[in-house]
Amino acid sequence: MSIDKKAAEILIVDDQEIILRLLEETLKSEGYTVRMATNGMEALESVDKKQPDLIITDMLMPKLNGCDMVSKLKESSETRLIPTIMLTGLFDFEHKVRALEIGVDDFLGKPFNRIELITKVRALLKTKAYIDQLEDAETVIFSLALAIEGRDPYTNGHCQRLSEYGSKLAKKIGLDDLHIDAVRKGGVIHDIGKIVVPDSILLKPGKLNREEYEIMKRHPEEGERICKPLKSLTHVLPIIRFHQERWDGTGYPDKLVGDQIPLTARIIAIVDFYDALITVRPYKKAYNIQESMEIMETETKENKWDPNLMKVFLDMIISGEIDHHISEIKPIIYDYS
Ligand SMILES: [Fe+2]
């Protein structure tokens, strides 16, 4: 999806009528659609009704100033990607610093230069169109992942829980934002390659035979193949490919051993194991927390899981940082028994 010039809608916000008129005139003469607001409050209401492609706002205004208004937009995942240009006077240095901190994309001096305005508007709309495209593609991938999860009634909410447990564990061990983001996304899309696994195998109660297991084992590589073209998911690819690897080298597809397995993939593997233990599956009952922890400890002694990472995770379960979804899972446990 690209924003063509005529379709692009720009919200201009200023308490001075004369500035609004000048901006409106300039932008309309370039073919843009223009909406107006005279303070931050009005601007937020306007965005609420319909998101503009770009906002140009004054800094000092009654009711709600430009910085606070942009700050509110940046807090919400729905509106944080709307680009903003802030109009500034010559001596607004302090405000400018604050505006940069809250994520204003560009500045325009007052009185503004027409060519400078148009150049900045064009550049930001181009970036916005690019981001929209990425978001669209990512949305398709995530919807697909949830649709695949939906094929298996036993794993209801599994991806969301993995995403949450995983990002908590990633934060706990001090990973940076990019890797935390990888784990959050990886929780949802790590099994996307299961699209190649037929229901007869995916939902089979009991053990898979050799042939079926070979088909199941293709899912990490298939998942990597599906997501590889999307540059915005590059940091998630190691999770998709390596989440079935095991510490002792008995996993798949590459039989990596120990810390050859990327840390983000080890995180998802451990939280995936935990979630599989505490929920009911076609081939097993749901274990309670105590039983699950004992199984995890035993398998870690058997060298199946990263012992340091497992210790941190078990400590988080004991301290109550992890298990707050248990109340949602419990009814399934009771139904089964
Ligand atoms: Fe998997």
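Residues numbered from 1 in each chain as written. Predicted model: local features only at pLDDT ≥ 70, side-chain atom pairs only at ≥ 80, totals over all residues.

Engineer: Give me the lowdown on the confidence of the model for the chain, citing residues and values where you can.
Structural biologist: Looking at the chain, the pLDDT average stands at 87 and 92% of residues meet or exceed 70. No element of the chain has a lower mean pLDDT than helix α15 (residues 326-336), at 35, and none a higher one than helix α11 (residues 237-242), at 97. This stretch, residues 1-5, has a pLDDT under 50; its non-local contacts, to residues over four places away or in other chains, come to 11 contacts. Throughout residues 326-337 the model reports pLDDT below 50, and contacts reaching past four residues in sequence, or to other chains, amount to 12 contacts. (pLDDT = per-residue confidence, 0-100. Helix = DSSP H or I, 4+ residues; strand = E, 2+ residues; numbered from the N terminus. Contact = placed C-beta atoms within 7 Å.)

Engineer: Which residues make up the domain arrangement of the chain, and what are the values?
Structural biologist: The assigned domain composition of the chain is domain 1 (9-132) and domain 2 (152-336). When each unit is reduced to the centre of its C-alpha atoms, the spacing between domain 1 and domain 2 is 43 Å. (Domains from an automatic or database assignment.)

Engineer: Break down the sheet that holds strand β4 (residues 84-88) for me, with residues and values.
Structural biologist: In space, the five strands of this open sheet follow the order β2-β1-β3-β4-β5, with parallel pairing throughout. The sheet is open, and its two edges are formed by β2 (33-37) and β5 (106-109), each paired on a single side. Strand-to-strand twist of the sheet, defined as the mean angle between neighbouring strand axes without regard to direction, takes the value 20°. This element, helix α2 (residues 40-49), spans β1 (9-13), β2 and β3 (54-57) of the sheet and lies at about 160° to β1. (Pairing = 2+ DSSP bridges. Axes fitted to C-alpha atoms, helices over the stretch in contact; angles between N-to-C directions.)

Engineer: With reference to specific residues and values, describe unusual backbone geometry.
Structural biologist: What you tend to see is this: most non-glycine residues have negative phi, and most peptide bonds are trans. Here the residue pair Lys110 and Pro111 is connected by a cis peptide bond, since its omega of 0° sits within 30 degrees of zero. Looking at the element boundaries, Pro111 is found in the loop between β5 and α5 (114-150). Cis geometry is found at the peptide bond from Tyr252 to Pro253, where omega equals 10°. Within the secondary structure layout, Pro253 lies in the loop between α11 and α12 (263-278). Unlike most non-glycine residues, Lys63 shows phi in positive territory, near 70°. Within the element layout of this structure, Lys63 appears in the loop between β3 and α3 (66-75). You will see that Asn303, though not glycine, has its phi angle at about 75°, which is positive. Topologically, Asn303 is positioned in the loop between α13 (289-301) and α14 (307-318). You can call Asn303 partly exposed: it has 15 C-beta atoms within 10 Å. (Buried ≥ 20, exposed ≤ 12 C-beta atoms within 10 Å, placed from the backbone.)

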